[in-house]
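# Analysis of the macromolecular model
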Amino acid sequence: MKQVRDYDVEKLMVATVASHTALQLLRAAKKTGFRTAAICLTDNKPFYEKFGFIDEIYTAAVDTLDKLAPKLAERNTVFIPHGSFVEYCGPKKAQSFKVPFFGTRQLIEVEADQRRKMMLLREAGIPTPEEYSSPEEAEPPVIIKLAGAKGGAGYFLAFTKQELEAKTRNLNQPYIIQRYIIGVGVYMHYFASQMFRRVEVFGADTRYETNVDGRVFGLAEPSFVVVGNRPLVIRESLLPRYMRFGEQFASAVEDTLGTPMIGPFCLETIITDKFEIKCFEFSGRIVAGTNVYMGTGSPYSVLYFDKPMDMGERIAHELKVAAEKNCLEKITS
Ligand code: AMP
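Just so you know, the residues in each chain are numbered from 1, in the order the chain's sequence is written. Two thresholds apply to this predicted model, a pLDDT of at least 70 for residue-level local features and 80 or more for giving and counting side-chain atom pairs, whereas whole-chain, interface and lining totals are computed over all residues. For the side-chain quantities, the full set of heavy atoms in the structure was used; hydrogens and water were omitted.

### Overview of the overall build of the protein
A run of H or I in DSSP becomes a helix once it reaches four residues, and a run of E becomes a strand once it reaches two; helices and strands are each numbered from the N terminus. Within the protein one finds twelve helices and 13 strands. Within these notes, the globule rule equals 2.2 Å times the number of residues to the 0.38 power, and the radius of gyration is based on C-alpha atoms. The C-alpha atoms of the protein give a radius of gyration of 20 Å, which matches the 20 Å a tight globule of 333 residues would have. The dimensions of the protein, computed from C-alpha atoms along their principal axes, are 65 × 45 × 40 Å. Working definition: with a 1.4 Å probe on protein chains only, accessible area under 20% of the residue-type maximum means buried, over 50% means exposed, and in between means partly exposed. Each of the 333 residues in the protein was classed as buried or not, and the buried ones make up 52%.

Okay, structure coming up:
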């Protein structure tokens, strides 16, 4: 199969799975001068056909996706992985999809494993919520996370020891117990640039989650099922700490995986009323929360380029610079 070093950099195509941040990514790629492709893994082709900035639409099933790889590589495609791609395919299949990824491929398997994921954050020296190895030693309030939980579904809370014991007694799948941090959620978006040799703090969002943000009137247990995102700017005095955490994260990726952090990532944090920042999760690629800045640009992007950019535009810019320098292998994996 054609390798990235053999790509015709004048004829690059940017592809992603049609969902999540596909509109943001492909709109920006087209505007920057690349060909674009959307890969539909569900029956959403009629929706994506409505947008003129998508040049090619492929339909595939999760099981037939691999067959597309040689064709995409032949067309000089850089593929942008995102959360829905990983969710549809499962981490193993997603990580082994053979088209060059814009991003750090190896992070998919780390993220799929709650324990490895938290370990990487700790290795980065980023404060995380306390974790307990058994219900007996836990100090509620706690949040219990089932191993394969996604988008907040499969999380539940316990406010007392009795409640925790009752809720875990018959659980016959792996889970972790974390201290429940009382505060507000801040999802900080970053961009690790190999071309400019820096980590950029890019923007932030907060989530809109069903039974914690909804009109629940005490009728439902808290649940964290994400339905959307809202833009957020944080106090400037908190930014230096977030900047450090982003840099520490990128260094820890390189130290532990032996391969650099490439492109967008997100640190998902709670800030307490004492201004403690606790990171309970990361995403090693573009997060859907970046969609809040689609077309308008994020507030912090102007600090680097003196013009607003959304994350799709930032990625396209990095690709363009790498293509011009003929070093696509530095920003793909
Ligand atoms: P996630 O799907 O991991 O992004 O988490 C879903 C939601 O659970 C987040 O939006 C947080 O509000 C909440 N959450 C996860 N872990 C913790 C924690 N240790 N303390 C407080 N809230 C948490």
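Picking up after the structure, the text goes on.
### Examining the packing of aromatic side chains
Put simply, two rings from Phe, Tyr or Trp (the six-membered ring, in Trp's case) pair if the centres are within 6.5 Å, and we call them stacked under 30 degrees between planes, edge-to-face over 60, tilted for the rest. Following the criterion strictly, the structure yields 15 aromatic pairs and no others. Taken together, a centroid distance of 6.2 Å and an interplanar angle of 85 degrees make the contact between Y187 and F280 edge-to-face. Taken as a pair, Y187 in strand β9 (residues 184-193) and F280 in strand β13 (residues 277-283) lie far apart in primary sequence, 93 residues in all. Accessibility expressed as a relative area gives 6% for Y187, which makes it buried. For F280, a relative accessible area of 12% gives the class buried.

### A short note on the sheet that holds strand β2 (residues 35-40)
Here a strand pair is declared whenever DSSP counts at least two bridges between the two strands. Ordered in space as β3-β2-β1-β4, the four strands form an open sheet in which the pairing is parallel. One side of each edge strand has no neighbouring strand; the edge strands of this open sheet are β3 (56-59) and β4 (77-79). Averaged over all pairs of adjacent strands, the angle between strand axes in this sheet comes to 25 degrees, irrespective of strand direction. On top of the sheet, helix α1 (residues 22-32) reaches β1 (13-17) and β2; it is set at about 175 degrees to β1, its chief contact. Every axis corresponds to a line fitted to the C-alpha atoms, with the helix fit spanning only the stretch in contact, and the corresponding angles, defined between N-to-C directions, vary from 0 to 180 degrees. Any two residues having at least one pair of non-hydrogen atoms within 4.5 Å are treated as being in contact.

### A short note on the pattern of salt bridges
By convention in these notes, a salt bridge is any Lys or Arg side-chain nitrogen within 4 Å of a carboxyl oxygen on Asp or Glu. What the rule picks out here adds up to 22 salt bridges. Here R285 ties to E111 by a salt bridge, and the two come within 2.9 Å at their closest N and O atoms. Within this pair, whereas R285 is found in the loop between β13 and α11 (302-305), its partner E111 is found in helix α6 (residues 107-111), the two being separated by 174 residues in sequence. Across the pair D273 and K274 runs a salt bridge whose closest N-O atoms are separated by 3.7 Å. In terms of burial, D273 and K274 fall into one category: exposed. Three or more residues are tied together by salt bridges with common partners; here these are R27, K31, D310 and E313.

### Re α1
Three or more residues of α1 are buried, namely A22, Q24, L25, L26, A28 and A29. Among the structural elements, β1, β2, α2 (45-48) and α12 (311-324) are those in contact with the buried residues of α1. Of the residues trailing α1, G33 is marked for its positive phi of about 110 degrees.

### Section: the packing of α1 against α12
Where α1 meets α12, the closest approach of the two axes is 8 Å, and the angle between their N-to-C directions is 45 degrees. On the basis of their axis angle, the class for α1 and α12 is oblique. In terms of crossing hand, the pair formed by α1 and α12 is right-handed. Every residue of α12 that contacts α1 at Q24, L25, R27, A28, A29, K31 and T32 is listed here: M311, G312, E313, I315, A316 and K320. We call Asp, Glu, Lys and Arg charged. Ala, Val, Leu, Ile, Met, Phe, Trp, Tyr, Cys and Pro are nonpolar, and the rest, Gly among them, are polar. Taken together, the residues that form the contact of α1 with α12 break down as six nonpolar, three polar and four charged. Should an angle lie under 35 degrees it is considered roughly parallel, over 145 roughly antiparallel, and from 65 to 115 roughly perpendicular; all remaining angles are considered oblique. In a left-handed crossing the near helix is turned counterclockwise from the far helix by less than a right angle, and in a right-handed crossing that turn is clockwise.

### Comments concerning the pairing of β9
Most of β9 is tucked away, with eight of its ten residues classed as buried. Here β9 runs beside strand β12 (residues 263-271); their pairing, made up of nine bridges, is antiparallel. In the strand pairing of β12, F191 is matched with P264. Sheet analysis places β9 next to strand β10 (residues 198-209), joined by seven bridges and oriented antiparallel.

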